[in-house]
Amino acid sequence: MAWTRKHLLDLESLSASELLEILDTAASFKEVSTRSVKKVPALRGRVVVTLFFESSTRTSNSFQLAAQRLSADVLHFTSEGSSVSKGETLIDTAKNIEAMGVDAFVIRHSAPGAPHLLAQHTDCSVVNAGDGCHEHPTQGLLDIFTIREHFLTNAKGAAKKRAPEKTLEGLTVSILGDIRHSRVARSNAHGLRKLGARVILAGPPTLVPPAMGKALDVEVSHDIDAVVEQSDALNCLRIQFERKAGRFFPGVREYAAIYGLNPERMKRAKPHAIIMHPGPINRGIELTPELADGTQSVILRQVTNGMAVRMAVLYLCVGAGKGKPAAKAAV
Amino acid sequence: MSLLLLRSGRVYDPSRRLDRTADVLVDDKSGKILAIGKGLKNVKGAQVVDCKGLLVCPGFIDIHVHFREPGATAKETIATGAASAVHGGFTSVVTMPNTDPPLDNGAAIAYQYLQGAKAGKARVYPMGCITKGRAGQELASLGLLARAGAVAFTDDGAAVPSSFIMRMAMEYSASLGKVIVEHCEDHDLSNGAIMHEGKVSAALGINGYPSAAEELIVARDIRLAKLANARFHVSHISAKGSVALVRQAKARNVAVTAEVAPHHLLLTDECCRGFDANFKMNPPLREESDVEACIEGLIDGTIDCFASDHAPHTTEEKSNEFTEAPNGVIGLETNIGVLLAKLVQTKRLTLKRFVQAWTSAPAKVLGLPGGSLQVDGPADITVIDLNQEWTVDPEKFVSKARNCPFKGWALKGAPVYTVVAGKLFEAIGKTMK
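Only a predicted model underlies this, so the values are computations on that prediction, with no experimental measurement involved.

J.: Help me understand the overall build of chain B, please; the structure alone is not making it clear to me.
T.: The number of helices and strands found in chain B is 15 helices and 18 strands. The globule rule puts the C-alpha radius of gyration for 433 residues at 22 Å, and the 21 Å found for chain B is close to it. Its C-alpha atoms put chain B at 65 × 45 × 45 Å along the principal axes. Intrachain contacts of chain B at a sequence separation of at least 6 include 76% that bridge at least 24 residues.

Set out below in structure tokens:
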């Protein structure tokens, strides 16, 4: 099927086949990063603006590098704080940059829905790089890409029987930690459910409100040991102290003991289970260093895959070759 | 003196059990109704308005509007607000004191009356603040505010956080014969959240606050009203639990009343999914069960009356991010139309209760003049065409603001004339034609 969207605002509104289109396109772009000349001309002459209203290092670096690998010109714009405190509205800021002649905005913003608002007011493509606690679609995609890559290459036989839209059926993915404040959890849940995975959100009740289970059509649990036993992939999220998450539980030591992932607890896990984390890690709180750096960890692979996923998203949303097989453009 | 004759309308006033075809004669000098009757004589020189097939009601009263003056006059002024009121079929409005500066002194109240008179449209009755500067710390000069004409007291926009101050306010206002009106929200619990906490807030990643934050203050103030033997009015009730609390309190003869806004009767938090700030207000849109409870409360009299919480903002402000945009929606020019179409025409609510909840009921809650049709009473009249079909287009509003959550709604029933103190104005049903 052909990708027809101009924007990537969230995973909630994507269909399973659209998700697969991105994942497959990403798979073909992944090879580019392994070449000695890591560049394809897919977005030559195009201008991508990374518009970051919230601090970020890895996501903005990843997007900038992804755009550069597609030969786009990249402008990085950062501004702390809300439009109101700056005295210029988001729309005015974007329109001014748009007037310089740009093709795409990659936006990170503290307000949920800011990318949706921007998309209504611009002719450019808009890619959501995280809007408050709402969604972080490319992180969700790279997590799903990593899970699919890992389990489909390791268990090809089982994978073949499934319909493509149910490509993750039979897998249990658990997302642990500060779910309430997590845009990563929301994007992951939407994407994973559409592709047939079982999803459990787990953590203290104050950070994993039952309403989120209903809202996202996933399971909710507060018993980490039980969750660890059932999971094929364990995606640990950071406690977002910057969003005052510390008010939602008694303390870091208690959190680590009851809800953190440590080697003792991992003994209960399936031997093939993988450990993921979108970073940055609060080492020793939600995840111990041994596990973060251990054999079951795929954390750095997530970062590598993030490049391919972001190249795919930019290519599909901005690229001239909309709908053409990515492989052709990637040559 | 000029006479105005509303000819052959269906004269309808539930408070006086009036429902018959008759003429109504008013004059704009005395501002009073001179006669109600069939085939009225002695009407030479009167301007005649044919009201055949139209509903002639007591003037509609909206006891909760924000006109932003002094202060944020880019949003609305008393003149544009009062014009919006008559365009929407309202003859009287009660303005909230959360202006800049707030209406916490007699001079500010006098200024509101002056601007209202100058506008010469709907009657404008200001409320005064409960606390100085609406800061919640010390009582405002309630006695002097009352003397200047404040019709009640509220710190609307926020609750009075201190139970002690609220008790003092209730005891003091009781002696003045005034009602304490509360925006019920436990701000410690709501903690700066900007929508209802539930499935939708969870999905959107927006900080929500639970209905319990409203219910806690409703419960507290019911207790305090009983303690102080005072009259307490719940502003813009929105939560199922609050309705139950008011129902219980009324059964125990506590002097509590409540109002509900059309948006809390017709919309839910599902509307927020598109991040459109025209669905952002406080109290927030809640769930289907809350809407049902509010409608039930309205039917059984737990909720006394409607009130719009008309809260104008500029289009620029409302075009900001959902989290950054200010709270509030306008209502004066859609109040009648949306409720008629969605509650009365659908038979959820009787026409009788609808008219009563916009006329005699709000007048009674705050002790305002008007609310009924009687000879020698104020010539405040709202004329409605129950059959007119129209579509809500905010560009046709007289209000300065366009932040309307009902944009594009197809409706049946609209106000066509508004008569204030005998003076005739065309309402939206007429000007849209």
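Next comes the rest of the write-up.
J.: Looking at this model, I keep getting lost on the pairing of strand S6 (residues 198-202) of chain A. Mind explaining?
T.: Residue and element names in this part refer to chain A. Of all 5 residues that make up S6, 4 are buried, and the element is covered over most of its length. Of the strand pairs in this sheet, strand S5 (residues 172-176) and S6 are connected by 5 bridges, and their pairing is parallel. Bridging from a neighbouring strand, Thr-172 pairs with Arg-198 of S6. In the classification by handedness, the crossover that spans S5, the intervening helix H8 (residues 183-194) and the parallel S6 is right-handed. Relative to strand S7 (residues 219-221), S6 runs parallel, the two being bridged by 3 bridges.

J.: Would you mind showing me how to read the domain arrangement of chain A here?
T.: Note: interface size is frequently given as the accessible area lost on complex formation between the parts. Residue and element names in this part refer to chain A. According to the domain assignment, chain A consists of domain 1 (16-135 + 303-330) and domain 2 (137-302). A C-alpha centroid distance of 25 Å is found between domain 1 and domain 2. Each side of the interface is counted separately: domain 1 has 23 residues, and domain 2 has 22 residues. Every element with two or more residues in the side of domain 1 that touches domain 2 is listed here: helix H1 (16-30), strand S4 (125-131) and helix H14 (299-318). Residue composition of the side of domain 1 that touches domain 2, grouped by class: 11 nonpolar, 8 polar and 4 charged.

J.: Even after reading the chapter, I still don't get the domain arrangement of chain B, so can you show me in this structure?
T.: Residues and elements named next belong to chain B. Domains assigned within chain B are domain 1 (3-56 + 377-431) and domain 2 (59-366). Spacing between the C-alpha centres of domain 1 and domain 2 amounts to 26 Å. Of the residues lining the interface, 31 residues belong to domain 1; the matching set on domain 2 comes to 45 residues. Its residues assigned to classes, the side of domain 1 that touches domain 2 comprises 21 nonpolar, 6 polar and 4 charged.

J.: What is the right way to look at the pairing of strand S16 (residues 381-391) of chain B in this model?
T.: In summary, the side chains of a regular strand alternate between the two faces of the sheet. Residues and elements named next belong to chain B. Bridging between strand S5 (residues 55-58) and S16 involves 4 bridges; their strand directions are antiparallel. Looking across to S16, one finds that Pro-58 is bridged to Ile-381. Two elements, S16 and strand S17 (residues 410-420), share 8 bridges in a ladder whose sense is antiparallel. Paired with Ile-381 across the strands is Val-419, a residue of S17.

J.: Help me out: how do you make sense of the environment of Asn-320 of chain B in this one?
T.: Residue and element names in this part refer to chain B. Note that Asn-320 resides in the loop between helix H11 (315-318) and helix H12 (335-344). A tally of 21 C-beta atoms within 10 Å means that Asn-320 is categorised as buried. Counting along the chain gives 43 residues from Asn-320 to Ala-277, while the straight-line C-alpha distance between them is 7.6 Å.

J.: Sorry if this is basic, but what is going on with H14 of chain A here?
T.: Residues lying three or four places apart along an α-helix face the same way, a consequence of the helix completing one turn every 3.6 residues. Between its terminal C-alpha atoms H14 of chain A stretches 28 Å, which fits the 28 Å expected from 20 residues at 1.5 Å a residue. Counted residue by residue, H14 of chain A has 16 buried out of 20 residues, so it is predominantly covered.

J.: What should I look at first to understand the sheet that holds strand S8 (residues 123-126) of chain B in this one?
T.: In sheet architecture, strand pairing relies on hydrogen bonds along the backbone and comes in two forms, parallel and antiparallel. All names here are of chain B. Read from one edge of the open sheet, 3 strands run S6-S7-S8, paired in parallel fashion. With one partner strand each, in any of the chains shown, strand S6 (60-65) and S8 form the two edges of the open sheet. Shown here is a sheet whose adjacent strand axes are inclined to one another by a mean of 20°, direction ignored. Pairing geometry for strand S7 (residues 90-95) and S8, over 4 bridges, is parallel. By the bridge assignment, Val-93 is partnered in S8 with Val-124.

J.: I'm lost on the interface of chain B and chain A in this one. Help?
T.: Opposite the 14 residues of chain B that make contact, chain A presents 23 residues. Of the residues in the side of chain B that touches chain A, the class split is 6 nonpolar, 5 polar and 3 charged.

J.: Can you walk me through the sheet that holds strand S3 (residues 104-109) of chain A in this structure?
T.: Residues and elements named next belong to chain A. Reading across from one edge, S2-S1-S3-S4 is the order of the 4 strands in this open sheet, with parallel pairing throughout. Edge positions in the sheet fall to strand S2 (73-78) and S4, since each of these pairs with one other strand and no more. Across the sheet, the axes of successive neighbouring strands diverge by a mean angle of 15°, strand direction being ignored. In the packing of H14 onto the sheet, contacts are made with strand S1 (47-52), S3 and S4, and the angle to S4 comes to roughly 145°.

J.: Teacher, can you tell me more about the environment of Gly-71 of chain B here?
T.: All names here are of chain B. With respect to the helices, strands and loops of the structure, Gly-71 is situated in the loop between S6 and helix H1 (78-87). C-alpha of Gly-71 to C-alpha of Pro-102: the two residues are 31 residues apart in sequence and 8.9 Å apart in space. Not counting residues up to four positions away in its chain, the partners in contact with Gly-71 are Thr-99 and Asp-100.

J.: Explain unusual backbone geometry here, please?
T.: Outside of glycine, negative phi angles account for most residues, and trans bonds account for most peptide bonds. The omega torsion of the bond from Asp-100 of chain B to Pro-101 of chain B falls at 0°, within 30 degrees of zero and hence cis. Considering the arrangement of structural elements, one finds Pro-101 of chain B in the loop between S7 and helix H2 (106-119). Of note in the backbone geometry, Asp-217 of chain A takes a positive phi value of approximately 60° without being a glycine. Here Asp-217 of chain A is to be found in the loop between helix H9 (210-216) and S7. The residue Arg-17 of chain B is not glycine, and still its phi comes out positive at about 50°. Of note, Arg-17 of chain B is situated in the loop between strand S1 (3-13) and strand S2 (18-27).

Conventions we followed
- Residues numbered from 1 in each chain as written.
- Chains lettered and ligands numbered in written order.
- Predicted model: local features only at pLDDT ≥ 70, side-chain atom pairs only at ≥ 80, totals over all residues.
- Helix = DSSP H or I, 4+ residues; strand = E, 2+ residues; numbered from the N terminus.
- Rg over C-alpha atoms; globule rule 2.2 N^0.38 Å.
- Contact = placed C-beta atoms within 7 Å.
- Buried ≥ 20, exposed ≤ 12 C-beta atoms within 10 Å, placed from the backbone.
- Pairing = 2+ DSSP bridges.
- Right-handed = clockwise from strand over helix to strand, strands pointing away.
- Domains from an automatic or database assignment.
- Nonpolar A, V, L, I, M, F, W, Y, C, P; charged D, E, K, R; others polar.
- Expected span 1.5 Å × (residues − 1).
- Axes fitted to C-alpha atoms, helices over the stretch in contact; angles between N-to-C directions.

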